[in-house]
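Architecture at a glance
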Amino acid sequence: MRSDTTLWARIRRANAWLENSWLGDLIGAVCLFATLYLLLIAGAVLS
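Residues numbered from 1 in each chain as written. Predicted model: local features only at pLDDT ≥ 70, side-chain atom pairs only at ≥ 80, totals over all residues. Heavy atoms only, no water.

This part covers the overall build of the protein. The number of helices and strands found in the protein is two helices and zero strands. Here the protein holds 47 residues, and 2% of them are scored as buried. Carbon together with sulfur atoms contributes 71% to the accessible area of the protein, which is approximately 4,400 Å² in total. (Helix = DSSP H or I, 4+ residues; strand = E, 2+ residues; numbered from the N terminus. Buried < 20%, exposed > 50% of the residue type's maximum accessible area, 1.4 Å probe, protein only. Areas by Shrake-Rupley, 256 points an atom, 1.4 Å probe, with all protein chains shown as cover.)

Right, here's the structure in full:
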């Protein structure tokens, strides 16, 4: 059970680091544009 709590602590630290770094912004921007691109492709296929 101890390793589970340290795992969550590491995940929380990584999340806090990503929130305060430019890498988190980059990941968010890539995900946003990938989602928009997939919606564009799905719209073209369904029309």
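Next comes the rest of the description.
Another aspect to go through is a nonpolar patch on the surface. On the surface, a nonpolar cluster with roughly 700 Å² of combined accessible area is contributed by Tyr37, Leu38, Leu40, Ile41, Val45 and Leu46. According to the relative accessible area criterion, Tyr37 is exposed, its value standing at 52%. (Patch = residues over 30% accessible without salt bridge, like charges linked within 9 Å, V, L, I, M, F, W, Y side chains within 5 Å. Salt bridge = Lys/Arg side-chain N within 4 Å of Asp/Glu carboxyl O.)

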